[in-house]
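Structure assessment
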Amino acid sequence: RKGFPGTRALAIKAVLAGGGSPHRLGLSETVLVFGQHRALLATHDEFFRQIPAWKARAPEKKFLVEAEGIEDALAAVRAGADGIQFDKLPPSELAKAVPLLRAVRQDLALIAAGGIVPGNVAAYAATGVDALATSTVFHGPPADIAATILPAD
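Quick caveat: nothing in here was measured; it's all calculated off a predicted structure.

1. So, unusual backbone geometry
- Not every positive phi belongs to a glycine, and Lys-88 is a case in point at roughly 60°.
- Residue position: Lys-88 is located in the loop between β3 (83-87) and α5 (91-104).

2. A few points about α5
- Over its 14 residues, α5 runs 20 Å from end to end, which matches the ideal 20 Å to within 8%, given 1.5 Å per residue.
- Taken as a whole, α5 has its buried residues at Leu-94, Ala-97, Val-98, Leu-101 and Arg-102.
- Contacts made by the buried residues of α5 are with α4 (70-79), β3, β4 (109-113) and α6 (121-125).

3. Observations concerning the sheet that holds β3
- Sheet architecture is open: 5 strands sit in the order β1-β2-β3-β4-β5, paired in parallel fashion. Two strands bound the open sheet, and with one partner strand each, they are β1 (31-33) and β5 (131-133). Neighbouring strand axes in the sheet, compared pairwise and without regard to direction, differ in orientation by 25° on average.
- Where β3 meets β4, 5 bridges bridge the pair, whose relative direction is parallel. The partner of Ile-84 across the bridge, within β4, is Leu-110.
- Running at roughly 155° to strand β2 (residues 63-67), helix α3 (residues 44-57) makes contact with β1 and β2 of the sheet.
- Packed onto the sheet, α4 meets β2 and β3 and runs at close to 160° relative to β3.

Procedures and definitions
All chains use their own residue numbering, which begins from 1 and follows the written sequence. At least 70 in pLDDT is required for a residue's local features to be given in this predicted model, at least 80 for side-chain atom pairs to be given and counted, and no such filter applies to totals for whole chains, interfaces and linings, which use all residues. Computation of side-chain values: all heavy atoms of the structure, hydrogens and water removed. Numbered from the N terminus, helices here are DSSP runs of H or I no shorter than four residues, and strands are runs of E no shorter than two. Every helix has an expected span of 1.5 Å times one less than the residues it contains. Here's how the labels work: a residue is buried when its accessible area is under 20% of the maximum for its type, exposed when over 50%, partly exposed in between, all with a 1.4 Å probe on protein chains only. When checking whether two residues touch, look at their non-hydrogen atoms; a contact exists if any pair is within 4.5 Å. At least two DSSP bridges between two strands are needed for those strands to be called paired. Convention adopted: a line fitted to C-alpha atoms gives each axis, helices being fitted over their contacting stretch, and angles between N-to-C directions are expressed from 0 to 180 degrees.

In structure tokens form, the structure reads like this:
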């Protein structure tokens, strides 16, 4: 949905060639619950109460929650989430969140997403998260590539 139509396979190969790992190639890889999904429930508490039941229905999948902040992330982890994806949380806040969450559970998958670009990627990487999710690789400027054709000898 974020790439140029018809170029998905090429984009994935480019990410792999650059040393990256494609993030969520399809809905079957992990369960990732966004705020828009959570809005369908009456309260945040109801969402957190449902996490164990949802995990039981897909035991082979990791259950991740997109969190809006540290308190939201802590509540999700205490409810049983296997990981947290932070969207647009500044690196300074993310650096505070990582040790707090690891104190609750060492094996969490912690992902930073949203607004990660070449100019701030080092700051996000330094926070201690496990992965950075970015679509910036799909929106890079075109490369100025030249070709020279020489006559055969």
